[in-house]
Amino acid sequence: MRPRLVVLSAAAFLLLPISIVYAHERFIRHDLKYPMHERYFGRIPGAFLGIQPDMFRIATTSCVLLFIFLAIFFFRQNLDVFVEHRVLSFLRGPAQRFLHHVANYLTDKPMNLRWFHTVGEWAVVFFLRSPALVLMYSATNDSMVMPSYPLEPTSAIYFKYIQVFLAILMLTQTALPLAGALVIGTWIYLWRWGWMVAADAIPVVTVAVLYLSAPWQSHKVAITEMSEKQVKWVRLVLGFGFFALGWLKIYNYHLTAGVADNYPSVMDDPMISFFSVGTNPLYRRENWIIAFALAEVLSGFMLMVGVFTRVWGSLMLWVFTKLMLVNFGWDEIPHIYPIAATMAVVFSSKVHSEFAFVERIQQRLAREGRTLLRLATVVTASLVISVLTVYVLLYAFTFIDRSHL
Amino acid sequence: MKFASAKQAILLIIVTCAGLYALDYYKNPQLWHHESQEMKASGKGARLALWMNHLCCTGCLADVRQALAGVPGVDLANATAPRQLLTQEQANMQSTALPDYGNTVELPITDLDKLDLVAIDRALRDKGFVAGRMELGGVEHFRLEAGLDHLCCGMCDRAVHERVAFLKSKGLGGQFKWLDSVSVNHEKKTVIAYARFLEPGKNVDVAEFLSGLNYLGYEPRSMRVVRGEHLQFPIEKTPQ
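What you see is a predicted model, and the numbers here were worked out from it, not measured in a lab.

Considering the overall build of chain B
In terms of helices and strands, chain B carries 8 helices and 8 strands. When burial is assessed residue by residue, chain B has 34% of its 240 residues classed as buried.

What about helix α14 (residues 309–327) of chain A?
All names here are of chain A. In a regular helix each residue adds 1.5 Å, so 19 residues correspond to 27 Å; α14 covers 25 Å between its end C-alpha atoms and thus fits that length. Three or more residues of α14 are buried, namely T309, R310, W312, G313, M316, V319, F320 and L323. Of the surrounding secondary structure, the elements contacted by the buried residues of α14 are α4 (93–106), α10 (228–251), α13 (284–305) and α15 (336–346). Just downstream of α14 lies G329, where phi reads positive at about 70°.

A look at the packing of α14 of chain A against α15 of chain A
All names here are of chain A. Running from N to C, α14 and α15 cross one another at 160°; their axes reach a closest spacing of 9 Å. Relative to α15, α14 is oriented roughly antiparallel. Between α14 and α15 lies a crossing of left-handed hand. Judged by residue contacts, T309, R310, G313, S314, M316, L317, F320 and T321 of α14 engage P338, I339, T342, M343, V345 and V346 from α15.

Concerning the sheet that holds strand β1 (residues 47–52) of chain B
Residue and element names in this part refer to chain B. Taking strand neighbours across the sheet as the criterion, the 4 strands line up as β2-β1-β3-β7 in an open arrangement whose pairing is antiparallel. Taken across any chain shown, the strands that pair with only one partner, and hence form the sheet edges, are β2 (103–108) and β7 (203–205). Each strand of the sheet is rotated relative to its neighbour by a mean of 25°, with strand direction disregarded.

Each value, and the rule that gives it
Residues numbered from 1 in each chain as written. Chains lettered and ligands numbered in written order. Predicted model: local features only at pLDDT ≥ 70, side-chain atom pairs only at ≥ 80, totals over all residues. Helix = DSSP H or I, 4+ residues; strand = E, 2+ residues; numbered from the N terminus. Buried ≥ 20, exposed ≤ 12 C-beta atoms within 10 Å, placed from the backbone. Expected span 1.5 Å × (residues − 1). Contact = placed C-beta atoms within 7 Å. Axes fitted to C-alpha atoms, helices over the stretch in contact; angles between N-to-C directions. Parallel < 35°, antiparallel > 145°, perpendicular 65-115°, else oblique. Left-handed = near helix turned anticlockwise from the far one by under 90°. Pairing = 2+ DSSP bridges.

Here it is as structure tokens:
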């Protein structure tokens, strides 16, 4: 087949499911227990940018946080040298080595520790196989890929067998490129149920990166490590998945509030509360939605672009584990999969940043002794990235009436 | 060691996706053909389509027809019954499979003033059926007038108003999209649901309003479809 024909066919298939199909029977309703303040999410006359002041405050907190993290990241080499070789230069022996490892971990540098490498190997094995557990769990719950998408009784049996077949490929590490194609093909099929369903399932595609780049005879090799390219793509897809999910939480705010109504303990998270400090308690649920969503946007973005990947990955591991074990319990057992994926990235020694060029410019200017320009470069880059990441979509969403979703 | 080429990967993805779509189309045709049924209904005048979650054979259809025999406002003789309906004998055979047990009966509306949705619902329930959806089409501007005997105080009035608004915002699956506003006439003991403009060929599930009132704790004695006279923003017509 000619390459152009292949590309055209793929594009046609990607566009095909965008057509609206009638399927409201399958859409899982949220269980909103109290009405929302609908005006909060729309245009507010007289407010800056027309954004509700509490929402704007949370966004500004997120923007400042992102700016600080970016600025520190761009100076990470200098800060590392300053702390290790100036401030704590008196340390010797195990204490010095410990400090060095902590610094490497925090600044996304390669880790030269045997146990770290072993955990990393295990995380890759866990990541390769964990989707099989989710698929088997979904199949036994008459659902597709995720337990929140129930299957139509008339076709359930076929989809369940397909999921079991795919799970067997994953568990036995057989013909992994086929497993990868099945995962992506299934994800494209999910568009049939609407773009929000497909967006919700983006993190599932992450593992397909690893599968598609594995050899056909994958059952004969021990896959315990990811290449630099694989780590990069896993990080990009996984990060983008959570970035998109964060925005989806704001777009489809009724659903997010419905979750909070059913599991009120999720609203008591100290990290999320930090984002909504100083906001009007009258809009507690609305503020929580924005804070929760922007926390996810931020962590997804950092993971995607490789800024403090390990720090944000560790935070995500903590949140996923807490949601699975404390807040939602057994219902959230499929969180095993994002935990495995995040672990595989966090415990890799091959994490790099998409913004490494800013660091390189900063270091070149430092060598040339142009301190002011160096500072201006870092501040401007951090500011532009932070503002674009946080405010653009938030502002755009205020023009869309989502009260009927 | 052989790896998958880009061509192989794309081909496998396309085959997987096409396979899943084909399987879904073949096994769940009722989920795909809804839009075309809507388009078919355009230009046929006012019609009420009853989606029965259970209507598998000619025996079921006969009982539905019997239930609707005395209902005024609809033309049962010209009702469009589902095609390819199994006979009772065929349905008795264990090997017979159906893509879905549900089916639609489409009723032409002869007299909108006489049509009472509560009467239709009761007639079906008395015969052992429940209409999953009551889809009204072919009426561009209309309002639903539900008679509620229990509207004893201001709190009852406000409850209808506020709780229907809540149900509307809760309708994530697209429920109540057609509903523009609701008003309560305390003296006449009626709740009026103003529908948005209904595009030709489209229909709305008016059973949502019936089950919505039930959910709020009210049992309407009647629910009539009143045709809108002229283009006007519905809220302006609300009696104060």
